[in-house]
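Chain by chain, the residues:
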Amino acid sequence: MNKYLFALALMVSTTCFAQKKFNPDKEHENFFRFGAKAGVNMNKVAGASYSKAFRYNFQAGAFVQFNFSQRFGLQPEVNFVQSSSELTGDASTISDDLASGDQHKAKLNYLEVPLLLNINLGPSKRVKLQLGPSYGGLLKQTVDSLKSGGDIYKKSEWSAIGGIWFQLPVVNIGARYKYGLTNINGTESNKEKWHSQAIQIFVGVTF
């Protein structure tokens, strides 16, 4: 995880250096912009049956920006997000359908639709605070060691997102924290609450 934090710090310092070349008083931000981005999704599922370590996965998506004023804007997105988790060895604490064994790994693919409020920080429009909800639809779930092909995760979830967005004239760089508001435990035999968490770091282009 340290190498990703180092890479983010390097990107941030490069962005801040580049911003010094811009005169905020002469900057103009178009009402409508669009773009794409991709990066790493470091996620985990919080629950007594799960490993507490973050796992590294991929994310990519597209977005549009509506800049309503010098300070505020709205940014809808559509993202493909890969997540994974590792279950503990006591199968009875997870679901009666799990086979015996020490570990059970799960792979989850989501289509996520965040709707974020952009708040410009300082006189420049290059740094934006992002806050808002996200809806995720589960496209596919694969759990190792299942005795049968049953599903143990709910088909959708709501999350809350907070993060920072660095906007150069073309390149965008960002980091976010996402916390799942929905209990994604879809089993009937287990009443444990499972909530997803993720740290997302990405880079992209804006037109």
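Shown above is the structure to which this text applies.
Residues numbered from 1 in each chain as written. Predicted model: local features only at pLDDT ≥ 70, side-chain atom pairs only at ≥ 80, totals over all residues. Heavy atoms only, no water.

**A few points about the overall build of the protein chain**
Thinking step 1. Each helix and strand in the protein chain was counted, giving one helix and eight strands.
Thinking step 2. Secondary structure elements of the protein chain occur, N-terminal to C-terminal, as α-β-β-β-β-β-β-β-β.
Thinking step 3. Burial statistics for the protein chain: of 207 residues in total, 46% are counted as buried.
Thinking step 4. Nonlocal contacts in the protein chain, meaning residues at least 24 apart in sequence, comprise 65% of its contacts between residues at least 6 apart.
Thinking step 5. Summed over all atoms, the accessible surface of the protein chain reaches about 10,300 Å², with 63% contributed by carbon and sulfur. (Helix = DSSP H or I, 4+ residues; strand = E, 2+ residues; numbered from the N terminus. Buried < 20%, exposed > 50% of the residue type's maximum accessible area, 1.4 Å probe, protein only. Contact = heavy atoms within 4.5 Å. Areas by Shrake-Rupley, 256 points an atom, 1.4 Å probe, with all protein chains shown as cover.)

**As for the pairing of strand β5 (residues 127–143)**
Thinking step 1. Note: strand β4 (residues 104–120) against β5, 13 bridges, orientation antiparallel. Counterpart to tyrosine 110 in the pairing with β5 is leucine 138.
Thinking step 2. Linking two consecutive strands that pair antiparallel, namely β4 and β5, is a turn of six residues; a positive phi of about 75° is found at glycine 122 within it.
Thinking step 3. Inspection of the sheet shows β5 paired to strand β6 (residues 156–167) by 11 bridges, in the antiparallel sense. Each bridged residue has a counterpart across the sheet, and for leucine 131 the counterpart in β6 is glycine 162. (Pairing = 2+ DSSP bridges.)

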